[in-house]
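Each chain, letter by letter, is given below.
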Amino acid sequence: MENAHIEAVGHAAETIGRLAVHHVSYLWLIPLFPIVGAAINATIGWKLQRIFGKKIVHRIAVTAMLLAFGTALFAFAQMLALPAEERFLQNTLWNLLTAGRLTVDLGFSLDQLSMMMVLVITGIGSLIHVFSIGYMADEPAYWRFFSYLNLFVFAMLLLVMGDNFAMMFFGWEGVGLASYLLIAFWYTDPEKAAAGMKAFVVNRFGDFGFLAGLLLLFWGLGGGWQPRDQGLRNLDYLPKAELNATAAASTAAQADALAPRIEGVKVGPTMNFRELRDQVVVEGTGVKEGLLHKTVWGIPLLMLVGMLLFIGAMGKSAQLPLYVWLPDAMAGPTPVSALIHAATMVTAGVYMVARLSFIYALDPSAMGWVALIGALTAIFAASIGFFQYDIKKVLAYSTVSQLGFMFIGVGVGAYWAGAYHLLTHAFFKATLFLGSGSVILGCHHEQDMRKMGGLKKHMPITRITYLAACWAIAGFPWMNGFYSKDEILWKAFTSEHLALFGHPTPWLGGLIYLIGIVTATGTSFYMFRSYYMTFTGAYRGGEGHHDEHNEDPHAATATAMSATSVAVHASDGAVHADGHAHGHPAPAPAHGSHAAPAHAAASHAGHGHGHDDHAAAQDDGAHAHGGHHGGTPHESPWTITLVLSLLALGSFLTLFLGIPTAWTHRAPLLEHWLAPALAEGIAFAEKPPWMEFAFQGIGVLAGTVGWFFAMVLYKDARSTVPASLKERFAGIWTVVYDKYYVDELYAATVLKPAVWVARAFSRFDGTILDGLVNFAGAVGRSLGRFDAAIDRYLVDGAVNAFAAGTLGFGRSLRGIQTGRIQTYLYGALGGALVVVLLNFLIQ
Amino acid sequence: MVTLTHFLVVGALLFTLGLVTVATRRNAVGVLMGVELILNGANVNFVAFNHYVTGGVSGQVFALFVIVLAAAEAAVGLAIVLSIFQTFKTIDVRFADLMRE
């Protein structure tokens, strides 16, 4: 590796915005490996799979991941060797765009925050790739799955490693695409395809906000054209004088050299995170003041930017009200849920807020908005999680809820705590999801917890890891979740500077704390509920449907649907036949001709759906306990249990990153590590140390209470209380079980009007626009006819008349041409006579 | 006193008679004879101009040339007439109108 050299160490070294930059040349390798893996599997994966078997496919994918992880570790080692304030690795590949003074590079950078993210993505990503080997073993489109998975990792790495907004946005959209592809992985099932589309569309809503926020921020930074004189709208916009300074620059380097600098910091429009941060943090540039004083229609610019960017986070990180896609996203394969919808992609919003903490820190209203939405999402999603029976749905709502916690963290200004919760959550939620995947696999693709139970003797490793992750998420001090969650709640409680829409709200911190602690209790309850329902008591499965491996759980539904449609077809045919029989007494052949298609549909629908290589197996096993597994659950293969153990171990080990200050009188390791990358100067109220201990006690108590109730109500499935409670509060239960009818609400408020508008437009299109088009067509047609008439009668007429005239003239001339030599002689004589006469006359 | 004008009048008469003969006769042989008259009309002019105007012998030599030419022409012309007769079975020039086509 080339010698890292230090650039731009200004004289004002104490300011945080002036980090030294180490230029390195290998960062691009980290996203390169996954994209190469994805490309190989996408293009020739099917062939490789057919020739060499599935091994080669996952070897390619996992090797790509391990190489990326190795490179990331190398970067981490290099970063560790540097002094804290110089930990910034930069690798600029080439210039993407130069417009005036704005330059956008294809560049990767790693600071402490993105380093953490990269390690999580590649590390946990590698583990989940390994997990997928066992989980997807029976998938025919194995290569497609691994290709998508690698593609996702590539996009996610772009998102966190890109050194500017453009790169981040590429990644932002890329992960959305990969997420869509993976949710709708089993696209033959319309329900899953619809879930993928839903995720994509909802994310697009968020992306709109994100993009709007970016553009507004860019405008606020002076990237827009300014009116020449204030107040008066000037129609011929002129750039500010300073903007012209580099108008002549044609290359990025020239523009960079010409750009005005203040204290070594390039001033002006930029998309680079570090440059932007320098501009904001270094006082002399005046950018901060400019941003603070700028308003849009009377609304402070920063508040608007913060809220709009957070709308992007709402979509990507599944916050109220755009969370609806995440529970549906559970339609994807379980490793996808673990990787994308728990550990990495959904934390992109948290990462984004932490990355832009220097912007958010400037405006309390933006922060209050983030924190409040986070808190509301946390409790709302947790309450839905209470009564779900689908184990993946429980985890999905739990994820939404935990993301809410992260946003509380970054919202109240405890950026490191939010990032820490991101890290711990990545571990324990990946454990939970993969544990649920292992359970689902062991129970032959059963996801309903009512049909599980007693799995602890069948799946000991899965059970232990699941329990450990439950402890983590419930917040017990021997696992990592406690440290991050308690730090977040403590910071929320001590924050006093939050505001909402420009009004200071010192009470908001306390409120958020209250919501948070209630949510923590609930979290503990529903997580242990899922644990007890799944692992204790007697096994309740073994009956009901038993599908082959990889026959997705919806296949049963699909079969039922096919059966229904068959019935419909059949009866349809019957009706037709009857109708004919009554209407026309004679035509017996009509029976045959109408009934035959119905029969064809029946025989076709029986085999037409699902994966063809399992259709036969399904027919065998649909009613009896067919297949080679019998009815008992079984522990998963070693790849799965190994990954579960490693992740559970990680959930334990990462607790050491966040030992609270109150215990050691030192900043937690991760806070210390992340400090240079995050905004400083967020004030928290000073509280006596006993109070922090007390709050930690309350946190543990909350977890214990939740655990206790879950144990009483659900352990071994003995208690009848849940059932009686369910009877008693059937109304509320139904409302919560049906997720507060939010989907229905969306259907009524968004979907229906949208469909209505679409219909209206369609009608508009069908009548008015088509009418206009048809009218234009008709006008054109009549014009054409008129033109044709002109052509036929005038133009053709003239031509024909000319031809006819010529013909007649020729005919009349023909008489002269007798062919007799004497006639010609007359002509010659006549001519000579004329010549002679003229000769006389002219003289 | 016989002057140049008398000779010229005779020449012109001959030429005119020849021309009329060529233009009006239906018999191809008659047409050829008309051509002879035209040539001889020209000959009279040659000789008369030689005698009254230029002197020497060039006009008379030219007249001899024309007589030789007329003999040759008569030979070619009669051959053509024979050919016409073979084609049309007549020597009436009204029927020799193939040039119309």
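These numbers were taken from a predicted model, which means no experiment stands behind them.

### Digging into the overall build of chain A
Of the regular secondary structure elements, chain A holds 31 helices and ten strands. Looking at chain A as a whole, 47% of its 843 residues are labelled buried. Residue pairs in contact within chain A that sit at least 24 positions apart in sequence constitute 77% of those at least 6 positions apart.

### Notes on the overall build of chain B
Along its length, chain B carries three helices and zero strands. Ordering the α and β elements of chain B from the N terminus gives α-α-α. Per-residue burial for chain B yields a buried fraction of 16% across its 101 residues. Restricting to contacts in chain B with at least 6 residues of sequence separation, those with at least 24 account for 53%.

### A closer look at the nonpolar core
The biggest cluster of nonpolar side chains holds 222 residues, and the ones touching the most others in it are A:Phe152, A:Ala371 and A:Ala430. Dropping the residues within four chain positions of it, A:Ala371 is found in contact with A:Phe407, A:Ile408, A:Gly411, A:Val412, A:Ala492, A:Leu498, A:Leu508 and A:Ile512.

### Remarks on the confidence of the model for chain A
Residues and elements named next belong to chain A. In this model, chain A carries a mean pLDDT of 78, and residues with pLDDT of at least 70 account for 81%. When the elements of chain A are averaged for pLDDT, helix α23 (residues 612-621) gives the smallest value, 37, and helix α4 (residues 142-161) the largest, 92. Taken together, the stretch residues 1-17 has pLDDT below 50 and engages in 29 contacts with residues farther than four places along the chain or on a different chain. Note on residues 543-630: pLDDT under 50 across the span, and 79 contacts to partners over four residues away in sequence or across chains.

### Overview of the interface of chain A and chain B
The partner chain B presents eight residues to the eight residues of chain A that form the contact. When grouped by side-chain class, the residues that make up the side of chain A that touches chain B number three nonpolar, four polar and one charged.

### Some details on the environment of A:Ala68
Residue and element names in this part refer to chain A. Following the sequence through the fold, Ala68 ends up in helix α2 (residues 54-81). Take Ala68: there are 29 C-beta atoms within 10 Å of it, and that puts it in the buried class. Residues in contact with Ala68, not counting those within four places in the same chain, are Ile30, Phe33, Pro34 and Thr122.

### Concerning the confidence of the model for chain B
Per-residue confidence for chain B averages 90 on the pLDDT scale, and 100% of its residues sit at or above 70. Reported confidences for the modelled complex are a pTM of 0.70 and an ipTM of 0.82.

### With respect to the packing of helix α12 (residues 334-343) of chain A against helix α17 (residues 415-442) of chain A
Residue and element names in this part refer to chain A. Where α12 contacts α17, the axes come no closer than 9 Å and their chain directions differ by 160°. If you check the angle between α12 and α17, you find them roughly antiparallel. Of the two elements, α12 crosses α17, and the hand of that crossing is right-handed. Between α12, through Thr334, Pro335, Ser337, Ala338, Ala342 and Ala343, and α17, the contact on the second element is made entirely by Ala426, Lys429, Ala430, Phe433, Leu434, Ser436, Gly437 and Ile440. A class-by-class count of the residues in the contact of α12 with α17 yields nine nonpolar, four polar and one charged.

### Quick word on helix α31 (residues 821-842) of chain A
Here α31(A) is 22 residues long and its end C-alpha atoms lie 31 Å apart, about the 32 Å a rise of 1.5 Å per residue gives. Burial within α31(A) is sparse, with just zero of its 22 residues counted as buried.

### A word on unusual backbone geometry
Geometrically, the link from A:Leu320 to A:Pro321 is a cis peptide bond, its omega value of -5° lying close to zero. Looking at the secondary structure, you find A:Pro321 in the loop between α10 (301-316) and α11 (325-328). Phi angles above zero are rare outside glycine, and A:Ala318 is one such case at about 55°. Along the polypeptide, A:Ala318 turns up in the loop between α10 and α11. A count of 31 C-beta atoms within 10 Å places A:Ala318 in the buried class. A positive phi angle, close to 60°, is found at B:Lys89, a residue other than glycine. Take B:Lys89: it is sitting in the segment after α3 (58-88).

### What about the packing of α17(A) against helix α18 (residues 460-474) of chain A?
All names here are of chain A. Interaxial distance between α17 and α18 falls to 9 Å at its minimum, and their mutual angle equals 145°. The hand of the α17/α18 crossing is left-handed. Residues Thr424, Phe428, Thr431, Leu432, Gly435, Ser438 and Val439 of α17 touch α18, and the partners they reach there are Thr462, Thr465, Tyr466, Ala469, Ala472 and Ile473. A class-by-class count of the residues in the contact of α17 with α18 yields seven nonpolar, six polar and no charged.

### Some details on helix α15 (residues 364-385) of chain A
Helix length check: α15(A), at 22 residues, gives a terminal C-alpha distance of 31 Å against a target of 32 Å (1.5 Å per residue), a fit within 8%. With 19 of its 22 residues buried, α15(A) lies for the most part within the structure.

### A few points about the environment of A:Leu376
Turning to its location among the elements, A:Leu376 is positioned in helix α15. You can call A:Leu376 partly exposed: it has 19 C-beta atoms within 10 Å.

### Some points on the environment of A:Leu320
Residue and element names in this part refer to chain A. Note that Leu320 resides in the loop between α10 and α11. Taking the C-beta count within 10 Å as the criterion, Leu320 has 19 such neighbours and is therefore assigned partly exposed. Taking the C-alpha atoms as reference points, Leu320 and Ala375, separated by 55 residues in sequence, lie 9.7 Å from one another. Once you skip the residues sitting within four places of it in the chain, Leu320 turns out to touch Ile373, Leu376, Thr377 and Phe380.

The rules behind each value
- Residues numbered from 1 in each chain as written.
- Chains lettered and ligands numbered in written order.
- Predicted model: local features only at pLDDT ≥ 70, side-chain atom pairs only at ≥ 80, totals over all residues.
- Helix = DSSP H or I, 4+ residues; strand = E, 2+ residues; numbered from the N terminus.
- Buried ≥ 20, exposed ≤ 12 C-beta atoms within 10 Å, placed from the backbone.
- Contact = placed C-beta atoms within 7 Å.
- Core = buried A, V, L, I, M, F, W, Y, C linked by C-beta atoms within 7 Å.
- pLDDT = per-residue confidence, 0-100.
- Nonpolar A, V, L, I, M, F, W, Y, C, P; charged D, E, K, R; others polar.
- Axes fitted to C-alpha atoms, helices over the stretch in contact; angles between N-to-C directions.
- Parallel < 35°, antiparallel > 145°, perpendicular 65-115°, else oblique.
- Left-handed = near helix turned anticlockwise from the far one by under 90°.
- Expected span 1.5 Å × (residues − 1).

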